[in-house]
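Remarks on the overall topology
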Amino acid sequence: MSARPHRGRAAALAGLVCAALATASSAVWAQACCAGTGAVTPARLALHEDAAAGLQLRAATVVGSHSASAEYVPAPPGAGEVDLEQSLYGAVRVLRRGQLGALLPLVQTFRTTPTRSEAGGGLGDINVSARYDFLRARESALVPGIAALAGVTLPTGRSAEAATKPFATDATGLGAVQVTGGVALEQSVGSWLFGASALLALRAPREVGAVTPVTLSLAPQYSALLSAAYAFDSGAAVALSTLFTFEGDASVNGATARESARRWIVASASLAWPVTDQLSVLGSVSLNPPISSLGMNQTTTLGATLGIRATEKCGRRSARL
C-alpha cells in the first residue's frame, strides 16, 4: 500500500474516533451543564499532522428523562427542548508525541410547554486539552498504544443559578472549573482501530444563591469510552462509540444531597468523508438509550452533528514521527 492511502486512513481513523467520542460527550452537555469529558476533542491529530482546526454543529432534542430511581419517563405532551451548539476547535503538535487542543462552544436552548416557549444562549465553557502518546498503536505487537489525556474546562459560560430567564434557557455552562485526567489505549488491526479510555473529572466547589449563599460541591465524575472504527482505502471511515459516565451525590455546605447522583450512557455512530487531502467532512448521530436503569437524573436526547476538519501535514517531518 502506498504512503498516501495509509496516511489518509490513519488520519480518518484518528479524527473520526476522537470526533465520535467528543460527540458522545457533548451529547449530554445541555442536560449536565458541563463540557463532557473535557479531555477529548475532534481535533485529535494523526501521526503525520502538525495542526488541525474545524467547526462542529450539533442539534439535539430531548425525548424524555431518567429519574433519581433510574426509571425512564417520556417527555410529556406539549413539552419539548431543542439544544444547539456550534463549536470551533483546533489542535497543534508539540514535541514528537504530544498535542494541545482547544474548543470554544456557542450554545442555544429552546424550551416549550403547552402554554409558553422560551429561547436563550451564549458562550459555553471553553475547554483546553492535552494528549501525550507514550506508545502508539502498532509500535508493539503485544502492547496497545498508551496515551495520557488531560483537560481543563473554564467557567466562561453562564451557570444555571446565574440564569435570568424563567426556564433557564440562558444557562450555558457549569459555573466551576473542571479538571480532567485519564488514559487511552488504542490498537489497530488492519483497517480497524479499537480504543478504550478511562477519565476522571474533578469540579471546584462554587457558591450558589445571592441572598443566602451555599457551597455546592459536585462529586468526582468517572467516564469510560469505548470505540471501534474502520477506514476504507478511499480515506472514508466509519465508527461506533459508547460513553458511560457516573458521578455520586453532590454536597451542599458539606452535607450530602441525597438522590442527586447522576449516570448516563451515550451511543454514537459517525462517518468521515475526505473532500481533499487536507479537508474532511464529519457527521454523527447519538442517543441516550431510553431504557430504565441506564440513566439517572438525566434528560434523554437524540442528536446529530455535522462538521468540517482541516489539517496541516508534517511534510518531511512525518517520516521521523
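Everything below is about the structure printed above this text.
Just so we're clear, the structure is a prediction, and the values are computed from it rather than from any experiment.

Let's talk about the packing of aromatic side chains
Applying the stated rule across the entire model yields four aromatic pairs. Arranged with centres 5.1 Å apart and planes meeting at 65°, the rings of Tyr132 and Phe134 form a pair that is edge-to-face. We classify Phe134 as exposed; its relative accessible area is 54%. Measuring from ring centre to ring centre gives 5.0 Å for Tyr230 and Phe232, while their planes differ by 75°; the resulting arrangement is edge-to-face. The partly exposed category is assigned to Tyr230, whose relative accessible area is 27%. Classification of Phe232 by relative accessible area gives partly exposed; the value is 39%. Taken together, the aromatic side chains of Trp192, Phe194, Tyr230 and Phe232 make up a single cluster linked through ring pairs. Above the ring of Phe167, the side-chain terminus of Arg116 is found at 5.0 Å from the ring centroid.

Re the side chain of Ser87
With respect to the secondary-structure elements, Ser87 resides in strand 3 (residues 80-94). Accessibility expressed as a relative area gives 1% for Ser87, which makes it buried. Of note is the side chain of Ser87, whose polar atom sits 2.7 Å from the side chain of Glu85. What Ser87 contacts, discounting residues up to four positions off in sequence, is Gly54, Leu55, Gln56, Leu103, Leu104 and Pro105.

Remarks on the environment of Ile126
Position of Ile126 relative to the elements: it lies in the loop between strand 5 (117-123) and strand 6 (127-135). The class of Ile126 is partly exposed, set by a relative accessible area of 22%. Note: C-alpha distance between Ile126 and Tyr89 (37 residues apart in sequence) is 10.0 Å. Sequence-distant contacts of Ile126, that is, excluding residues within four places in its chain, are made with Leu103, Leu104, Pro105, Val152, Thr153, Leu154 and Thr156.

Remarks on the sheet that holds strand 15 (residues 255-256)
The strand order across the open sheet built from four strands is 10-11-14-15, with neighbouring strands paired in antiparallel fashion. Sheet topology places strand 10 (206-208) and strand 15 at the edges, where each strand pairs with a single neighbour.

Structural notes on the side chain of Arg203
Inspection of the secondary structure assignment puts Arg203 in strand 9 (residues 192-203). Classification of Arg203 as buried rests on a relative accessible area of 8%. At 2.8 Å, the side chain of Arg203 forms a polar contact with the side chain of Glu247. Residues in contact with Arg203, not counting those within four places in the same chain, are Leu174, Val177, Gln178, Leu218, Ala219, Gln221, Glu247 and Arg262.

Rules used in this analysis
Residues numbered from 1 in each chain as written. Predicted model: local features only at pLDDT ≥ 70, side-chain atom pairs only at ≥ 80, totals over all residues. Heavy atoms only, no water. Phe/Tyr/Trp six-rings, centres within 6.5 Å; stacked < 30°, edge-to-face > 60°. Buried < 20%, exposed > 50% of the residue type's maximum accessible area, 1.4 Å probe, protein only. Lys NZ or Arg CZ within 6 Å of the ring centre and 35° of its normal. Helix = DSSP H or I, 4+ residues; strand = E, 2+ residues; numbered from the N terminus. Polar contact = N/O pair within 3.5 Å; in protein donor to acceptor, adjacent residues only side chain to side chain. Contact = heavy atoms within 4.5 Å. Pairing = 2+ DSSP bridges.

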